[in-house]
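The primary structure of each chain is shown beneath.
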Amino acid sequence: WNHRIQKFTPDTTPLDSWGSLVQVSVTGLPTAQGLFYGPRGLAISPDGELYVSDTGNKRVQVFDLEGTFLREFGGSGTRAGALDEPVGIAVNSDGTVAVADTWNRRIQLFSPQGEALTQWTVPTWDVANPDEKPFLTWGDDGQLYVTDPMRRRVLAFDAQGAFEWAVTTAGGIPLGFPQGLEALDGTLYIGDAHAGVLYAVELP
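Quick summary incoming for the structure in this document. Quick caveat, the model's predicted, so the values are computed rather than measured. (Residues numbered from 1 in each chain as written. Predicted model: local features only at pLDDT ≥ 70, side-chain atom pairs only at ≥ 80, totals over all residues. Heavy atoms only, no water.)

## Notes on the side chain of Glu 72
Inference 1: Topologically, Glu 72 is positioned in strand β6 (residues 69–74).
Inference 2: Classification of Glu 72 by relative accessible area gives buried; the value is 16%.
Inference 3: From its side chain, Glu 72 meets the backbone nitrogen of Gly 28 in a polar contact 2.7 Å long.
Inference 4: A polar contact of 2.7 Å, which involves the side chain of Glu 72, links it to the side chain of Arg 59.
Inference 5: Setting aside residues no more than four positions away along its own chain, Glu 72 makes contact with Thr 27, Gly 28, Leu 29, Arg 59, Val 60 and Gln 61. (Helix = DSSP H or I, 4+ residues; strand = E, 2+ residues; numbered from the N terminus. Buried < 20%, exposed > 50% of the residue type's maximum accessible area, 1.4 Å probe, protein only. Polar contact = N/O pair within 3.5 Å; in protein donor to acceptor, adjacent residues only side chain to side chain. Contact = heavy atoms within 4.5 Å.)

## Structural notes on the nonpolar core
Inference 1: Among the nonpolar cores identified, the biggest contains 14 residues, and Ile 107, Leu 136, Leu 144 and Val 146 are the most heavily contacted of them.
Inference 2: Within the residue set of this core, elements represented by two or more residues are β8 (97–101), β9 (106–110), β11 (136–138), β12 (144–148) and β13 (153–157).
Inference 3: With residues up to four places along the chain from it excluded, the contact list for Leu 136 reads Gly 88, Ile 89, Ala 90, Ala 98, Val 99, Ala 100, Leu 144, Tyr 145, Val 146 and Leu 181.
Inference 4: One finds Tyr 145, Val 154, Ala 156 and Val 201 within the second-largest nonpolar core, a separate group that totals 12 residues. (Core = buried A, V, L, I, M, F, W, Y, C linked by side-chain atoms within 4.5 Å.)

## Description of the sheet that holds strand β17 (residues 197–202)
Inference 1: The sheet built from three strands is open, its strands ordered β15-β16-β17 with antiparallel pairing. Of all the strands in the sheet, just β15 (178–184) and β17 have a single pairing partner and so form its edges. Averaged over all pairs of adjacent strands, the angle between strand axes in this sheet comes to 20°, irrespective of strand direction.
Inference 2: The pairing of β15 with strand β16 (residues 187–192) spans five bridges and is classified as antiparallel. Counterpart to Pro 178 in the pairing with β16 is Asp 192. (Pairing = 2+ DSSP bridges. Axes fitted to C-alpha atoms, helices over the stretch in contact; angles between N-to-C directions.)

## Some details on the environment of Asn 104
Inference 1: Within the element layout of this structure, Asn 104 appears in the loop between β8 and β9.
Inference 2: Given a relative accessible area of 17%, Asn 104 falls into the buried group.
Inference 3: Separated by 26 residues in the primary sequence, Asn 104 and Thr 78 place their C-alpha atoms 6.5 Å from one another.
Inference 4: Apart from residues lying up to four places away in sequence, Asn 104 is in contact with Gly 77, Thr 78, Ala 82, Leu 83 and Asp 84.
Inference 5: Of note is the side chain of Asn 104, whose polar atom sits 3.0 Å from the side chain of Asp 101.

This is how it looks when you write it as structure tokens:
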């Protein structure tokens, strides 16, 4: 709720920050570029661009790593390419951008320039619960891993949106409220916010 991005060295020395509060319902306003309303997710593309899910403003903003605004996409609505409470965001090795479009109960894929490519539903996301903040990450295998926090599970999809499998409590991982995710070298790391636990799960 400081409505900003902060940048640090690996040893946590502050380097830079940018942003402050603005509330907008449309994209394309020059006076709103680089400002935020409750930004949630961050992702760095293979080209070194920083994608930010500007959750409260229902858009994605893109910057270089020095904080220079480059472009934005999204905007309020239900049509393809529009967003409502975007939270998790991840960029694949080919530049494909995945966004957890929470209140539309769907995942959308975009080109690096913000062109809507495809979408699929996640009908279990609870739009009435303000704690429902799903995050996602791409794996090296091209699968997309997505948290379903209120259902205490992580879902795995292929790049076309076909469901593949899930990490669940019934499957032996006692998740309480999964949120942050990272997939690296065959391992899926899951941050369980309510339990205060980080799980490392070997990917099949």
